Amino acid sequence: SKPIVAIVGRPNVGKSTLFNQIGKKRVSIVEDFPGVTRDRIYMDAEWLNHQFTMIDTGGIELEGQDSLLASMRIQAELAIEEADVIVFLTDGRAGITNTDDEIARILRNTRKPVILAVNKIDTPKQEMDVYEFYNLGLGDPTPIGASNALNLGDLLDRVVESF
Ligand code: GDP
Ligand code: MG
């Protein structure tokens, strides 16, 4: 069956925006699964003849889980369990937060490939904001601008190379 790519990250970093952009990006959408509650969380996509299924872990409702940190731990662990490749999405405008550190700590303990992406890098000038993300200990950060589909090709290249 197809490889599973999970998008992990705290609320508001742009997971849904990225998810929807990849779905547009022909990348043909082969099939949509019925969404759970609010968001569509599974989507089939394709890049350079590689087919895969994406999961937006942020769309998974965690019943009775009101602590952000606890939700993030569960989402990261779910992704590690379910996915073949994990895209860890962060926000280049906000910089590294404590929650990012916690997610990174969990993701550093998997042998599955983790691709670190820094979103909201909308202009070349903002690419400087990416360097601090090396501190997460997850290798090279890939700058993207999900709203305008900036650099998504580079990110998807990294994703399919790790299958
Ligand atoms: P999620 O909670 O991680 O799913 O984040 P959303 O996709 O809902 O996005 C959160 C907010 O960030 C929204 O207001 C988006 O419009 C905004 N956003 C997403 N991607 C970008 C981007 O590339 N640049 C900027 N400036 N804002 C973005
Ligand atoms: Mg979302």
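Below, the structure is looked at part by part. (Residues numbered from 1 in each chain as written. Chains lettered and ligands numbered in written order. Predicted model: local features only at pLDDT ≥ 70, side-chain atom pairs only at ≥ 80, totals over all residues.)

A separate point is helix H3 (residues 98-107). Asp 100, Ile 103, Ala 104 and Leu 107 are the residues of H3 that are buried. End-on view of H3: buried residues confined to an arc of 100°, all on one side of the axis. Away from the buried face of H3 by more than 90 degrees, exposed residues Asn 98 and Asp 101 are located. (Buried ≥ 20, exposed ≤ 12 C-beta atoms within 10 Å, placed from the backbone. Helix = DSSP H or I, 4+ residues; strand = E, 2+ residues; numbered from the N terminus. Arc of directions from axis to C-beta.)

Now for helix H2 (residues 68-82). Given a rise of 1.5 Å per residue, 15 residues ought to cover 21 Å, and the 21 Å separating the end C-alpha atoms of H2 matches this to within 8%. Of the positions making up H2, those classed as buried are Met 72, Gln 75, Ala 76 and Ala 79. Seen along its axis, H2 keeps its buried residues to an arc of 100°; they face one direction. Relative to its buried face, H2 has exposed residues pointing more than 90 degrees away, namely Ala 70 and Glu 81. Against strand E1 (4-8), strand E4 (85-91) and H3 lie the buried residues of H2. (Expected span 1.5 Å × (residues − 1). Contact = placed C-beta atoms within 7 Å.)

Turning next to the site of ligand 1. Of all residues adjacent to ligand 1, which total 15 residues, the nearest are Gly 14, Lys 15, Ser 16, Thr 17 and Ser 147. A per-class count over the shell around ligand 1 returns 3 nonpolar, 9 polar and 3 charged. (Near = placed C-beta within 6 Å. Nonpolar A, V, L, I, M, F, W, Y, C, P; charged D, E, K, R; others polar.)

This paragraph deals with the environment of Ile 55. On the secondary structure map, Ile 55 appears in strand E3 (residues 50-56). Between the C-alpha atom of Ile 55 and that of Val 8, which follows or precedes it by 47 residues, the distance is 8.7 Å. Each residue touching Ile 55, except ones within four places of it in the same chain, is listed here: Ile 4, Ala 6, Ile 7, Ile 41, Tyr 42, Glu 82 and Ala 83.

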